[in-house]
Amino acid sequence: MQETLTKKAERFIREQKLIAEGERVLAGLSGGADSVCLVAVLCELSGILSFEVGAFHLNHGIRGSEADEDEAFSRALCEGFGIPFFAVREDVPQYAKEHRTGLEEAGRELRYRAAGRLASEKGYDKIALAHQQNDVAETFLFHLFRGSSVPGLASIPAKRGNIIRPLLLCGREEIEAYLAEKGLSYRTDATNQETEYTRNKIRHCILSYAKGHINEGAVRHTAEAAAELSLLKDYLFSEAKELCAQAAETPGEFRLPVAVLEKKHRVLQEEVIHMLLVRAAGSARDITRAHVLAVRGLCFSQSGKQVSLPHGLTAGRSFAELFIKKAEPGGMDAPEKEYLVEVPGEYSVGAAGETMVFCCFPYKKNTEIPKNEYTKWFDYGKIKGALRLRTRREGDRIGMKQGSKSVKALFTEKKIAREERRRLLLLADDEQVLWVPGLRSCDNYRIDETTKTVLEVRMNGGKENEG
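Enquirer: Any chance you could explain the overall build of the chain here in plain terms?
Expert: Within the chain, the regular secondary structure consists of 15 helices and 22 strands. Taking 2.2 N^0.38 as the reference for a compact globule, 467 residues should give roughly 23 Å; the C-alpha atoms of the chain span a radius of gyration of 25 Å, in line with that estimate. Projected onto its principal axes, the C-alpha positions of the chain cover 75 × 60 × 45 Å. The 467 residues of the chain split such that 47% are buried. Restricting to contacts in the chain with at least 6 residues of sequence separation, those with at least 24 account for 69%.

Following this line, the structure appears as structure tokens:
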């Protein structure tokens, strides 16, 4: 007999020890199918497992009256279940603008912040979120495509601190079938059907195709692979933690004898390096497997070799030690920076959180080309060799309609301060500079009648300068 969704969630809660008897659980309720299912299941299980349930809703202010309708729907649902309801209003678009981040990321940050504050104020022990099996698969692929190492591929954990996810074993189709059986309605966010966001592309274009044309169980199998990697991650974490304890830590710097890593398995070496990078940066964001591999390569290089990393980090080899340190704000001793660009990809390029996003698509003739200084189109077929984001080198030139101009002369002409010149990242291939963001792009790579593929480069966080 097939296990019901409620029984599956109960088993998962018991196995993972997500909720203890007598605890109070605050569930995130957006009004969408997943969160409605979460609240309904928790209400069903509250009597069986002896815990209390409440719900919170973040009104994000993105969709105007629809957002207010989502809040009203969520409030009415909780009244029907007879559980406490708490609503928080935040201006997500304004927060995203102020912090130079995307709407998705801004919404996530504010949602977690509001949940944590409410749980503390109202005396809730756990915060339950409605992530389910499809979310695990989507996150796995999202991190895979971005170049994450094992910790990132482990996807979404069942619990982290006081945050729990009781529906991780349940798929989207199971959830919708459960809601239909219970006669529960839910709100539909139209933006979830759009493919502007990366996660929606993975959901609607990649996983949907895989399920329909490769294997019907593609979502489940991907989520199961993520779960296996999560177990591997836990083991690696415990082993790496012991090795990291041998690193000498001073303000802004870690130093680890290369001998500590040399005789260990490569997988363990990479986990130790990833752990130290995250500690030094204060965040795992933008740290990819490519960065981990670059630092690992220092173990086999000569003393004095350095690499530049996101978050203002520098790693290097100093005799028998590997060091990772954070640059002093405004420091003048920053080494030359260089990142090998993969397309598609996204790279941190500024201290204020600016990112540069790369993607490719077929060119359709007569398509209007962006005219602002922070989104550029280049003819991908004209690029020579590898693309790199790097600081200026002596002799760098940028092509113009007639001849070329040195980047040094461009900086002088635009009155770019010397300190800024040392930090500014340029986009270049193996022959010349394609773009100095905010200043000039190379005429040699412009779109023309022979263009077949467009390379779009967009800088997020830059000030729009039309013209």
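Enquirer: Mind showing me how you'd approach the pairing of strand E11 (residues 321–326) here?
Expert: Pairing geometry for strand E8 (residues 253–257) and E11, over five bridges, is antiparallel. Each bridged residue has a counterpart across the sheet, and for Pro257 the counterpart in E11 is Glu321. Pairing analysis gives six bridges linking strand E10 (residues 313–318) to E11, with the strands arranged antiparallel. Its bridge partner being in E11, Arg317 is matched across the sheet by Leu322. Between E10 and E11, which follow one another and run antiparallel, lie two residues, and Phe319 among them has a positive phi close to 55 degrees.

Enquirer: So what exactly am I meant to see when it comes to the sheet that holds E8 here?
Expert: Two pairing modes exist for strands in a sheet, parallel and antiparallel, and in both the strands are linked by backbone hydrogen bonds. Spatially, five strands are ordered E7-E8-E11-E10-E9 in an open sheet, and the strand pairing comes out antiparallel. Both edges of this open sheet fall to strand E7 (248–250) and strand E9 (306–309), since each of them pairs with a single strand only. Taken over all neighbouring pairs, the strand axes of this sheet differ in orientation by 15 degrees on average, direction set aside. Sheet analysis places E7 next to E8, joined by three bridges and oriented antiparallel. By the bridge assignment for E8, Ala248 is matched with Arg255. Sitting on the sheet, helix H12 (residues 266–281) touches E8, E9, E10 and E11, and the angle it makes with E11 is about 30 degrees.

Enquirer: How should I be thinking about the confidence of the model for the chain in this particular structure?
Expert: Detail in the predicted coordinates should be disregarded across regions flagged by low pLDDT. Looking at the chain, the pLDDT average stands at 84 and 91% of residues meet or exceed 70. Overall, residues 330–335 carries pLDDT values under 50, and its contacts beyond four positions in sequence, including any with other chains, amount to eight contacts. Below a pLDDT of 50 lies the segment residues 462–467, which in the model reaches eleven contacts outside its immediate sequence neighbourhood of four places, other chains included.

Enquirer: Before we go on, may I ask you to explain the pattern of salt bridges in this structure?
Expert: Side chains bearing opposite charge may pair, as long as their charged atoms lie close to each other. Taken as a whole and assessed by the stated rule, the structure comprises 30 salt bridges. Here Arg11 and Glu3 are joined by a salt bridge, their closest N and O atoms 3.0 Å apart. By relative accessible area, Arg11 is classed as partly exposed at 33%. Through salt bridges that share partners, Asp68, Glu71, Arg75 and Arg89 make up one connected network.

Enquirer: Explanation requested: the packing of helix H2 (residues 33–49) against helix H3 (residues 65–81) in the structure shown.
Expert: Two quantities define a packed helix pair, namely the angle between the helix axes and the distance between the axes. Orientation of H2 relative to H3, taken along the N-to-C sense of each, is 15 degrees, at an axis distance of 11 Å. Considering the angle they form, H2 stands roughly parallel to H3. Seen from above, H2 lies across H3 with right-handed handedness. Counted together, Val36, Val39, Ala40 and Cys43 of H2 and Phe73, Leu77 and Phe81 of H3 form the full contact between these two elements.

Enquirer: Which parts of the structure should I look at to understand a nonpolar patch on the surface?
Expert: Taken together, the side chains of Leu144, Phe145 and Ile206 define a hydrophobic patch exposed on the protein surface, amounting to about 260 Å² of accessible area. Its place among the elements puts Leu144 in helix H6 (residues 133–146). For Leu144, a relative accessible area of 39% gives the class partly exposed.

Enquirer: Explanation requested: the packing of aromatic side chains in the structure shown.
Expert: Aromatic ring pairs: the centre-centre distance and the angle between the two ring planes describe each pair. Within this structure, the stated rule accounts for two aromatic pairs. When the centroid spacing of 6.2 Å and the interplanar angle of 80 degrees are considered together, the rings of Phe86 and Tyr124 count as edge-to-face. Here Phe86 is found in strand E3 (residues 85–89), whereas its partner Tyr124 is found in the loop between helix H5 (103–122) and strand E4 (126–128), with 38 residues between them in sequence. A residue is classified by how much of its surface remains accessible, and Phe86, at 17% relative accessible area, is buried. Seen from their ring centres, Phe361 and Trp377 are 5.3 Å apart, and the 70 degrees between their planes marks the pair as edge-to-face. Taken together, the residues Phe361 in strand E14 (residues 355–362) and Trp377 in strand E15 (residues 375–379) connect sequence positions 16 residues apart. Accessibility expressed as a relative area gives 13% for Trp377, which makes it buried. Over the ring of Tyr124 we find Arg24, and its NZ or CZ is 4.1 Å from the ring centre.

Enquirer: Whenever I open this one, helix H10 (residues 218–244) confuses me. Can you help?
Expert: The periodicity of an α-helix, 3.6 residues per turn, causes residues three or four positions apart to be oriented the same way. For H10, spanning 27 residues, the distance from its first C-alpha to its last is 37 Å, which sits close to the expected 39 Å at 1.5 Å a residue. For H10, every residue scored as buried is listed here: Ala218, Val219, Thr222, Ala223, Ala226, Leu229, Ser230, Lys233, Leu236, Ala240, Leu243 and Cys244.

Enquirer: Explain the environment of Ala72 to me, please; I cannot follow it from the model alone.
Expert: Along the chain, the position of Ala72 falls in helix H3. Owing to a relative accessible area of 46%, Ala72 belongs among the partly exposed residues under this scheme. Along the primary structure Ala72 and His57 are separated by 15 residues, whereas in three dimensions their C-alpha atoms are 9.9 Å apart.

Enquirer: What should I look at first to understand the sheet that holds strand E13 (residues 345–348) in this one?
Expert: In space, the four strands of this open sheet follow the order E13-E14-E22-E15, with antiparallel pairing throughout. Two strands lie at the open edges of the sheet, namely E13 and E15, each paired on one side alone. Here the strands of the sheet are splayed against their neighbours by 20 degrees on average, with no regard to which way each runs. Direction of pairing for E15 relative to strand E22 (residues 453–460): antiparallel, over a ladder of five bridges.

Definitions and limits used
Every chain begins its residue count from 1, and numbering advances along the sequence as written. Whole-chain, interface and lining totals are the exception, using all residues; otherwise, since this is a predicted model, local features are given only for residues with pLDDT of at least 70 and side-chain atom pairs are given and counted only at 80 or more. Side-chain descriptors were evaluated using all non-hydrogen atoms of the structure, hydrogens and water having been removed beforehand. Only DSSP runs of H or I reaching four residues or more are called helices, and only runs of E reaching two or more are called strands; each is numbered from the N terminus. This radius of gyration counts C-alpha atoms alone. The globule rule is 2.2 Å times how many residues there are, raised to the power 0.38. Exposure categories follow from relative accessible area, calculated using a 1.4 Å probe and restricted to protein chains: below 20% of the type maximum is buried, above 50% is exposed, and the middle band is partly exposed. Throughout, a residue-residue contact means that at least one pair of heavy atoms, one from each residue, lies within 4.5 Å. In this scheme, strands are said to pair when DSSP sees at least two bridges between them. Axis geometry follows a simple rule: fit a line to the C-alpha atoms, using only the stretch in contact for helices, then measure angles between N-to-C directions, giving values from 0 to 180 degrees. Scored from 0 to 100, pLDDT records how confident the predictor is in each individual residue. Salt bridge, as used here: a side-chain nitrogen of Lys or Arg that lies within 4 Å of a carboxyl oxygen of Asp or Glu. The labels follow the angle: roughly parallel below 35 degrees, roughly antiparallel above 145, roughly perpendicular from 65 to 115, and oblique for the rest. Left-handed describes a crossing whose near helix is turned anticlockwise from the far helix through less than a right angle; right-handed describes the clockwise counterpart. Only residues whose relative accessible area exceeds 30% and that take part in no salt bridge are eligible for patches, with like-charged residues grouped when within 9 Å of each other and nonpolar side chains (Val, Leu, Ile, Met, Phe, Trp, Tyr) grouped when within 5 Å. Each accessible area is a Shrake-Rupley estimate made with a 1.4 Å probe; only the visible protein chains count as cover when residues are assessed. Only the six-membered ring of Trp is used, alongside the rings of Phe and Tyr, when aromatic pairs are assigned; centres must lie within 6.5 Å, and planes under 30 degrees apart are stacked while those over 60 apart are edge-to-face, with the rest tilted. By the criterion adopted, a ring carries a charge over it if an Arg CZ or a Lys NZ lies within 6 Å of its centre and within 35 degrees of its normal. Multiplying one less than the number of residues by 1.5 Å gives the expected span of a helix.

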